[in-house]
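Residues per chain are reported as follows:
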Amino acid sequence: MNQIQRKSPFWSLAGPLLIYLAIQMLVQTAVDLVISIPYFARAYADALKQGAMPAMEEWLRTCMEALEPAFQIIAAHQVEIAGVATLATFALTVPLFIKDRKLEKMCGISVVKKAPLQGYGFIIFFGAAGCIAATCLMTMAHLAFYDAQYQQTAEVMYAAGLPLQLLILGGVIPVAEEMMFRGLLFKRFRERQRFWYSAVCSSVFFAFMHTSITQTIYTLLLGLMLSYLYEKFGSLKAPVLLHIVMNTGSVLLTATGGFRWIGADPMRMAAAAIGGAFICSVAFVMLQRMPGAEYAQAPQSGE
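The following paragraphs examine the structure supplied in this document.

Cut-off values and rules
Residues numbered from 1 in each chain as written. Predicted model: local features only at pLDDT ≥ 70, side-chain atom pairs only at ≥ 80, totals over all residues. Heavy atoms only, no water. Phe/Tyr/Trp six-rings, centres within 6.5 Å; stacked < 30°, edge-to-face > 60°. Helix = DSSP H or I, 4+ residues; strand = E, 2+ residues; numbered from the N terminus. Buried < 20%, exposed > 50% of the residue type's maximum accessible area, 1.4 Å probe, protein only. Lys NZ or Arg CZ within 6 Å of the ring centre and 35° of its normal. Patch = residues over 30% accessible without salt bridge, like charges linked within 9 Å, V, L, I, M, F, W, Y side chains within 5 Å. Areas by Shrake-Rupley, 256 points an atom, 1.4 Å probe, with all protein chains shown as cover. Salt bridge = Lys/Arg side-chain N within 4 Å of Asp/Glu carboxyl O. Contact = heavy atoms within 4.5 Å.

It is worth spelling out the packing of aromatic side chains at this point. With the rule as written, the count across this model stands at nine aromatic pairs. With centroids separated by 6.2 Å and ring planes inclined at 40 degrees, the aromatic side chains of F186 and Y230 adopt a geometry described as tilted. Taken together, the residues span a long stretch of sequence, with F186 in helix α8 (residues 162-190) and Y230 in helix α10 (residues 213-233) at a distance of 44 residues. Since its relative accessible area comes to 4%, Y230 is described here as buried. Chaining the aromatic ring pairs together yields one cluster made of F186, F195, W196 and Y230. Directly above the aromatic system of F97 lies the positively charged group of R101, at a separation of 4.7 Å from the ring centroid. For the cation-ring pair, K187 lies above Y230, with the distance from its terminal atom to the ring centre recorded as 5.2 Å.

So, on to a nonpolar patch on the surface. A surface patch of nonpolar side chains, amounting to about 490 Å² of accessible area, comprises F125, F278, I279, V282 and M286. Top element by residues in the nonpolar patch is helix α13 (residues 266-289). It accounts for four residues. Mapped onto the fold, F278 is located in helix α13.

Tracing the sequence through the fold places L241 in helix α11 (residues 237-255). The class for L241 is partly exposed, based on a relative accessible area of 22%. Placed 114 residues apart in sequence, L241 and G127 show a C-alpha to C-alpha distance of 8.5 Å. Setting aside residues no more than four positions away along its own chain, L241 makes contact with Y120, I123 and I124.

Let's shift gears to the pattern of salt bridges. According to the stated counting rule, one finds seven salt bridges in the structure shown. A salt bridge links E104 to R101, with the shortest nitrogen-to-oxygen separation between them at 3.1 Å. Of this pair, E104 and R101 both sit in helix α4 (residues 90-106), three residues apart, which is roughly one turn of that helix. In this pair, the class of E104 matches that of R101, namely buried. E104 is paired through a salt bridge with K187; the nearest N and O atoms lie 3.7 Å apart. You can see E104 sitting in helix α4 and its partner K187 sitting in helix α8, a full 83 residues away along the chain. Judged by its relative accessible area of 7%, E104 is buried. Note on K187: relative accessible area 10%, which makes it buried. One continuous salt-bridge network, built from bridges that share partners, spans R6, D100, R188 and E191.

As structure tokens, then:
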């Protein structure tokens, strides 16, 4: 615990999270409106040319038909829209993140020595292997196949071109989520609570941001690991790196057909799952044995 006293501990946590969600919702709605309004305006102008507005039921049907091309455009560009909405959240998270780190220094809770750089190599191994192992395990457990919402989300997100997927899914979204859920939420929980309480609570909120059952389970476990890395390394760069590696790995293996090739043979998939899990275990053991960050005021681990 860092023992930073805030006027309202509840709103110091709930406030940024609610504003973060509101920003995303408002930006997505605004983009949808920008795309839809020209089609609606055209339908309205056509109705006026006919001399009289049609009955309400007929007018609604006309609007839905007129907006159909807009709905198709929105559906085809979900990745780009998500990227714009995510970028907008930096206006909230970056200033708050900087302010929180300054507050920690004022309270004598700065990081005086960060974890060694070679630890980031273990994170890359962990992320690359974990991406393969997690996908294979979910497939073998049939979670992804039975989760229709996951299938729909994956179909939409992987419909964009590979460069956009790498930029948004592999870069922008991981950084934005780490700024919010580790840089702000986890660290603010950590001001008054022990590590595991802070890690679990922030990871639960992180998991609920992902609507499908498969993604919720995956991100809950991932959130715990990301929180551990932040605590271990004393730097947001560590969880950001893992998040980027895992997302980018999923994008590349999906785009290149790597997952399809692995899943085509049950023995191959089992070997990938076991091998990936083994590499993850080795990398995690190395991370545990590595010297961690040193704090001017050491936080309690709550192990």
